[in-house]
Number of protein chains: 2
Amino acid sequence: MQLKELSGQSGVAAASIKYYLREGLLPAGETVHATRAQYSARHVERLELIQVLRRTVGLNIEQIRGLLKMADDGAPRLALLAAVQRVVLDLDTAASGDVRTPAADAVVRLRNWPDYPSDARSALNVHLELMESLHIRVSRELLDTYSKAMDDVAGLDIAATTAPESVDQLILTAAVGMHMHSQLLLKLLALAQASHAIRRYEHGA
Amino acid sequence: MQLKELSGQSGVAAASIKYYLREGLLPAGETVHATRAQYSARHVERLELIQVLRRTVGLNIEQIRGLLKMADDGAPRLALLAAVQRVVLDLDTAASGDVRTPAADAVVRLRNWPDYPSDARSALNVHLELMESLHIRVSRELLDTYSKAMDDVAGLDIAATTAPESVDQLILTAAVGMHMHSQLLLKLLALAQASHAIRRYEHGA
DNA sequence: CGCATTGGATAGTGGCTCTATCCTAAGCCT
DNA sequence: AGGCTTAGGATAGAGCCACTATCCAATGCG
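Residues numbered from 1 in each chain as written. Chains lettered and ligands numbered in written order. Predicted model: local features only at pLDDT ≥ 70, side-chain atom pairs only at ≥ 80, totals over all residues. Heavy atoms only, no water.

**Student:** Residue-level account of the relation of the copies chain B and chain A, with values.
**Tutor:** The transform that puts chain B on chain A rotates by 180 degrees and translates by 0.0 Å along the axis, for an RMSD of 0.1 Å. Put plainly, the chains are arranged around a two-fold axis. Ranked by how close their C-alpha atoms come to the rotation axis, the residues of chain B are headed by Ser182(B), at 2.6 Å. Both copies contact each other with a shared surface, as 100% of the interface residues of chain B are interface residues in chain A too. (Least-squares fit on C-alpha atoms with pLDDT ≥ 70 in both. Contact = heavy atoms within 4.5 Å.)

**Student:** Give me the lowdown on the protein's contact with DNA strand C, citing residues and values where you can.
**Tutor:** Of all residues adjacent to DNA strand C, which total 21 residues, the nearest are Ser16(A), Asn60(A), Leu3(B), Thr35(B) and Ala37(B). Each atom of DNA strand C within 4 Å of the protein belongs either to a base or to sugar and phosphate, the latter forming 72%. Arg55(A) is positioned with one of its side-chain polar atoms (N or O) 3.2 Å from a phosphate oxygen of DNA strand C. Looking at the surface near DNA strand C, the element that brings in the most residues is helix α2 (residues 14-22) of chain A, giving five residues. Considered class by class, the residues forming the surface near DNA strand C number eight nonpolar, six polar and seven charged. (Near = heavy atom within 4 Å. Polar contact = N/O pair within 3.5 Å; in protein donor to acceptor, adjacent residues only side chain to side chain. Helix = DSSP H or I, 4+ residues; strand = E, 2+ residues; numbered from the N terminus. Nonpolar A, V, L, I, M, F, W, Y, C, P; charged D, E, K, R; others polar.)

**Student:** Tell me about the pairing of strand β1 (residues 30-33) of chain A, residues and numbers included.
**Tutor:** All names here are of chain A. With three bridges connecting them, β1 and strand β2 (residues 36-38) associate as antiparallel partners. The residue bridging Thr31 from the neighbouring strand is Ala37, located in β2. Hairpin remark: β1 followed by β2, antiparallel, with two residues in the connecting loop. (Pairing = 2+ DSSP bridges.)

**Student:** Would you mind going over the nonpolar core in detail, with residue names and values included?
**Tutor:** What tends to happen in soluble globular proteins is that the nonpolar side chains get buried as a cluster. If you look at the biggest cluster of nonpolar residues, it comprises 126 residues, and the most contacted ones within it are Tyr146(A), Met150(A), Ile171(A), Tyr146(B), Met150(B) and Ile171(B). Beyond its immediate sequence surroundings of up to four residues, Tyr146(A) is in contact with Leu185(A), Ala149(B), Met150(B), Val153(B), His181(B), Leu184(B), Leu185(B) and Leu188(B). (Core = buried A, V, L, I, M, F, W, Y, C linked by side-chain atoms within 4.5 Å. Buried < 20%, exposed > 50% of the residue type's maximum accessible area, 1.4 Å probe, protein only.)

**Student:** Hey, could you go over the interface of chain B and chain A for me, with residue numbers and the actual values?
**Tutor:** Taken together, the contact pairs 70 residues of chain B with 70 residues of chain A. Summing both sides of the interface, chain B and chain A together bury roughly 6,800 Å²; the carbon and sulfur share of this comes to 78%. For the pair chain B and chain A, the interface holds zero salt bridges. At the boundary of chain B with chain A, the tally comes to 17 residue pairs in polar contact (both at pLDDT 80 or more). Counting only elements with at least two residues in the side of chain B that touches chain A, the list comes to α5 (77-88), α6 (102-111), α7 (119-133), α8 (140-162) and α9 (167-204) of chain B. Residue composition of the side of chain B that touches chain A, by class: 44 nonpolar, 17 polar and nine charged. (Buried area = accessible area lost by both parts, 1.4 Å probe. Salt bridge = Lys/Arg side-chain N within 4 Å of Asp/Glu carboxyl O.)

**Student:** Any details on the pattern of salt bridges? Residues and values, ideally.
**Tutor:** Tallied over the full model, the rule gives 18 salt bridges over all chains. With a shortest N-O distance of 3.0 Å, Glu23(A) and Arg65(A) are connected by a salt bridge. Placement of the pair is Glu23(A) in the loop between α2 and β1 and Arg65(A) in helix α4 (residues 61-72), with a sequence separation of 42 residues. Under the relative-accessibility criterion, Arg65(A) is labelled partly exposed at 28%. A salt bridge links Arg46(B) to Asp72(B); the nearest nitrogen and oxygen atoms lie 2.8 Å apart.

**Student:** Describe unusual backbone geometry, with residues and values.
**Tutor:** Residue and element names in this part refer to chain A. A positive phi angle is found at Asn112, which is not glycine, with a value near 60 degrees. By the secondary structure assignment, Asn112 is in the loop between α6 (102-111) and α7 (119-133). One non-glycine residue, His135, lies in positive phi territory at about 65 degrees. Within the secondary structure layout, His135 lies in the loop between α7 and α8 (140-162).

**Student:** I'd love a proper account of the packing of helix α4 (residues 61-72) of chain B against α5(B), names of residues and values included.
**Tutor:** Residues and elements named next belong to chain B. Running from N to C, α4 and α5 point in directions that differ by 175 degrees, and their axes come no closer than 10 Å. Between α4 and α5, the angle falls in the class roughly antiparallel. In this structure, α4 uses Gln63, Leu67, Met70 and Ala71 to contact α5, whose residues at the interface are Ala79, Leu80, Ala83, Val84 and Val87. (Axes fitted to C-alpha atoms, helices over the stretch in contact; angles between N-to-C directions. Parallel < 35°, antiparallel > 145°, perpendicular 65-115°, else oblique.)

Okay, structure coming up:
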């Protein structure tokens, strides 16, 4: 398959594919001659992964390049997962120190998670402090509920990524899964707010 | 207070304040003379609200303008809340039809929420379908757990917004609250994933 | 009395993701 | 064989967005 067909199958403009090639997101096709290259089904998949990470998850080119490079360099899954989390949690900038929030520690103990420093844990600490400073109350009970649910979801997610077919799958599952669950909660909260508001404002007043 | 001091107090560059004035995000100061204007503490608060909506929640200028205009026009709280939800849920584009997903209906019944069409509900429907199409399983139990938690949170949120001091407060609570809770879940999920992954990949292999 | 500041207008910046143009080399089709 | 199409390579431009900077005449304040 050559560039034009790759463009057709993936729905990405040919010029954009060239751009991705230039930026190193997409590996070069197999060069048959100086002016002819062959692309494979792998390229189509790669392109689809790129699209999801761009459009759905909202990563930028540099972040995607980093993740794909790690995947192609055969980085260990654990490191890859950590990298995915770093970009999805947007930790490029705030390279958070090792803040300790009692609430976050409590969560780890409660869930019987390994007591291990991680970017995710730092991020949780920072976030809980931010919410505190904005006067958004987060009760122990709520954290309990959330973390229990996340424990269940993560169990499934990680189990799904052990199937070793493709490392791309790990990126997809972790990044898209995180994003989708977070968005799901957003929508449920909106619906809950709307429901409470209707009760209060319409029936009450 | 004049422009320079307003800039100092709010930490926003004077040129940016002018930009916000031009864009209609910030009401003009009281014109004393043709070349002198007085700004008040209200302007400082407004500016802070704008900053939070921009930097933290990530709304764009047009979205913020819309919300502030509604607030200033004395729109009813219910309408304002709906507007906040529309922008935070990013529903400008996908003006979703009235899709019906059994799962979403089940949530509404389960929580005993009023059976009322709303943008939030449409968004939930669309999102559940999207997750389905991406093969991300969402069990009834998980939806139950999430929605119960959101019911509790929303109860507090909405109660907080009935204090009628300021409509700005409603915008802040609704928008920031939604965003912060969603991000909290993201971080918890990351931590949960990391914890499961450590168990599986380190101890297992 | 002159410096600083204002509103108003307009233009420029910088980051980002594309998208378009131009070029030569070379295979494919008839 | 000859022309159409496509490849790669390089470079430039577009379009969006949120600022940021510059210039201006008017004018109050110290």
